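Given next are the chains, with one letter for each unit.
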Amino acid sequence: MSCRRGALIVLEGVDRAGKTTQCQKLVHALQQSGRAAEMMRFPDRTTKIGQLISSYLEKKSNLEDHTVHLLFSANRWEMVPLMKQKLEQGIDLVVDRYAFSGVAFTSAKPDFSLEWCMNPDIGLPKPDLVMFLQLNPNMAANRGEFGIERYETSAFQRTVHQRFEELMQDSSVNWKVIDAARTIEEVHKDIKLLSEDIISLAQNQPVGEL
Ligand code: T5A
Ligand code: NA
């Protein structure tokens, strides 16, 4: 007897849009309704590659721009066996950032094309649903702790937002835009409904590839 696979659900958005808050609430809600749901996040700062990335983000070290892009991608690839295993076991994965952040952030730097940035992530498990938490970068800047890590400037975040807009044109990815300028509970309600819908659809299809 084969168990039905879990769904791969990703939350994306500019910094401080509320992704981590919403991922945690969604995992909790799915668990409450009897699903085996787990959270993952990228970058996963706990691995050796993740530690290099974390030190870079905290501005404790410098890395060449192509190099750090490939490290972010490698940090996803190193989790793929575990992701596939969990999905096959019927566990829903709620993922805080994924390849789309990778592309949006690096391609916001001068002289990086979307195409070059997308290449290393080709073949990753494809999310069944990507919810983009839409928040004006000026509003994001007013939420806690903005400005400490690398990339946390309003000018850079505005460019990142434009890159996400370009990525959302890709109709081969199941994007949903969520207005993140509302209360935590209002945003959660939408995210939960969309997730429940996709969970029942996803279990009848194999996991795709980016
Ligand atoms: N990056 C990432 C790359 O360059 N390439 C890649 O491949 C990847 C994966 C670190 C950086 O790495 C870059 C992108 C990032 O710059 P991170 O570790 O995910 O990424 O970043 P964090 O700093 O942990 O998270 P964010 O800044 O993105 O914040 P979140 O998760 O969007 O927001 P959250 O939930 O932590 O909330 C922020 C604050 O707002 C409040 C919260 O309580 C909190 O104080 N808040 C709300 N306030 C009002 N109304 C609401 N609805 C609210 N929701 C949350
Ligand atoms: Na976060």
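Residues numbered from 1 in each chain as written. Chains lettered and ligands numbered in written order. Predicted model: local features only at pLDDT ≥ 70, side-chain atom pairs only at ≥ 80, totals over all residues. Heavy atoms only, no water.

**Structural notes on the layout of surface pockets**
At step 1: The space that makes up the largest pocket amounts to roughly 610 Å³.
At step 2: Around the largest pocket sit 28 residues that line it, and Asp15, Pro43, Arg45, Arg97 and Glu149 are the ones nearest its centre.
At step 3: Within the residue set of the lining of the largest pocket, elements represented by two or more residues are α1 (19-32), α3 (65-77) and α5 (99-106).
At step 4: Considering every element that reaches the lining of the largest pocket, the biggest residue donor is α5, with four residues.
At step 5: Partitioning the lining of the largest pocket into residue classes produces nine nonpolar, seven polar and 12 charged.
At step 6: Of the volumes computed, that of the second largest pocket is approximately 210 Å³.
At step 7: Along the wall of the second largest pocket there are 14 residues; nearest its centre are Phe100, Met118, Asp170, Val173 and Leu210.
At step 8: Tallying contributions element by element places α5 first for the lining of the second largest pocket, with three residues.
At step 9: Of the residues belonging to the lining of the second largest pocket, the class tally is nine nonpolar, one polar and four charged. (1 Å grid on protein atoms, 1.4 Å probe; cavity = no way out; pocket = protein on both sides within 12 Å on 5 of 7 lines; lining within 4 Å. Points joined across faces, edges and corners; volume = space filled by probe spheres on them. Helix = DSSP H or I, 4+ residues; strand = E, 2+ residues; numbered from the N terminus. Nonpolar A, V, L, I, M, F, W, Y, C, P; charged D, E, K, R; others polar.)

**Comments concerning the site of ligand 1**
At step 1: As a structural note, the neighbourhood of ligand 1 is formed by 24 residues, with Arg16, Lys19, Thr21, Arg76 and Arg97 the closest of them.
At step 2: Thr21 is positioned with one of its side-chain polar atoms (N or O) 2.4 Å from an oxygen atom of ligand 1.
At step 3: In isolation ligand 1 exposes 1,100 Å². Once the protein is present, 81% of that is buried.
At step 4: Taken atom by atom, the bulk of ligand 1 overlaps the largest pocket.
At step 5: If you list the elements that add at least two residues to the shell around ligand 1, you get α1, α3 and α5. (Near = heavy atom within 4 Å. Polar contact = N/O pair within 3.5 Å; in protein donor to acceptor, adjacent residues only side chain to side chain. Areas by Shrake-Rupley, 256 points an atom, 1.4 Å probe, with all protein chains shown as cover. Sits in = over half its atoms within 2 Å of the grid points.)

**Comments concerning helix α2 (residues 48-57)**
At step 1: Among all positions in α2, only Gly50, Ile53, Ser54, Tyr56 and Leu57 are buried. Taken down its axis, α2 places every buried residue within 160° of arc, on the same side.
At step 2: As for α2, its buried residues are in contact with α3.
At step 3: Looking at the residues trailing α2, positive phi occurs at Lys59, about 60°. (Buried < 20%, exposed > 50% of the residue type's maximum accessible area, 1.4 Å probe, protein only. Arc of directions from axis to C-beta. Contact = heavy atoms within 4.5 Å.)

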